[in-house]
Amino acid sequence: MKRFLILLTVVQIGMALYAEASHATDMSNHSIHAAVQRYIETNMPWAPETVRVEFLSEEITSPAHHSNSTLRIEPAGNQDYIGDMSFLVRMYKGGGLIKTETVRTRIAVLRDIVVAARSLPAGTVLNDSDVKTIQRWVRRIHPQSLSPIESTTGKRLTTQLPLGAEILATMLKEIPLVRRGKVVRMVFNNGLMHIVTVGLSEEDGVAGNIVRVKNITSNKIIYARVLSDSVVGIEF
């Protein structure tokens, strides 16, 4: 009897977990497409007003709509809630499975996209007037897409772009603020002392890089962080 109770408990837990992973819907008041739409809106990471769902499958003929008719929905394959996405729909009546169907959808998401505000030749050092943010319906988010708050100012474009083309992170290159063999100001400031001297950079570096710098006075090589144009900070 004890083993039976344990087995019953395990089955109940498994059924509860399945109910969480899928989605049970009363069929008495909703079409199958409407139920899938609700499932998408409940589980997607996007705001409802930024999503368009197109059904690629025709509306499924459902069993007679009775109060004991339900269905369970779960995603099949792609679970990003963008682009082409399929859902398995299992229809139950009186607790028994009577039909399984696949519903195919196409999901578009309204996104902020960083684009070229004009035709931009390769090598352009971008400023605020060269780029803009627009909203665009997309079915795929490029892994190198820029966040609208991400700064592009002062970066060099590595490829030619027409007006309205999306700017990707791989198209941008940081411009070195210090150059190998060029003189730099070396700044040390710990709150108590402020010292400025002159050095010679041993390598190129962009903002935030740690570079090797030769102290012209002592000829010693030290490491400093690139702060701004021809300025490095000494850290101890």
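Our structure is the block above this text.
First, a word on scope: everything that follows refers to the structure included in this document. All values derive from a computational prediction rather than experimental measurement. (Residues numbered from 1 in each chain as written. Predicted model: local features only at pLDDT ≥ 70, side-chain atom pairs only at ≥ 80, totals over all residues. Heavy atoms only, no water.)

Let's shift gears to the packing of aromatic side chains. Enumeration according to the criterion identifies two aromatic pairs in this entry. Relative to Phe-87, the ring of Tyr-39 has its centre 5.8 Å away and its plane inclined at 75 degrees; by these criteria the two rings are edge-to-face. In this pair, Tyr-39 is assigned in helix H2 (residues 32-43) and Phe-87 in strand E4 (residues 83-93), connecting sequence segments 48 residues apart. You can call Phe-87 buried: its relative accessible area is 0%. (Phe/Tyr/Trp six-rings, centres within 6.5 Å; stacked < 30°, edge-to-face > 60°. Helix = DSSP H or I, 4+ residues; strand = E, 2+ residues; numbered from the N terminus. Buried < 20%, exposed > 50% of the residue type's maximum accessible area, 1.4 Å probe, protein only.)

The next subject is the sheet that holds strand E13 (residues 231-234). Note: strands within a sheet are paired through backbone hydrogen bonds, in either parallel or antiparallel orientation. Spatial strand order, E9-E10-E11-E12-E13: five strands in a closed barrel with mixed pairing. Each strand axis lies, on average, 55 degrees off the axis of its neighbour in the sheet, ignoring direction. Of the pairings in the sheet, the one linking strand E9 (residues 183-189) to E13 comprises three bridges and is parallel in character. Counterpart to Met-186 in the pairing with E13 is Val-232. (Pairing = 2+ DSSP bridges. Axes fitted to C-alpha atoms, helices over the stretch in contact; angles between N-to-C directions.)

Moving on, we get to the side chain of Thr-50. Mapped onto the fold, Thr-50 is located in the loop between H2 and strand E2 (51-55). A polar atom in the side chain of Thr-50 sits 2.7 Å from the backbone oxygen of Ala-47. (Polar contact = N/O pair within 3.5 Å; in protein donor to acceptor, adjacent residues only side chain to side chain.)

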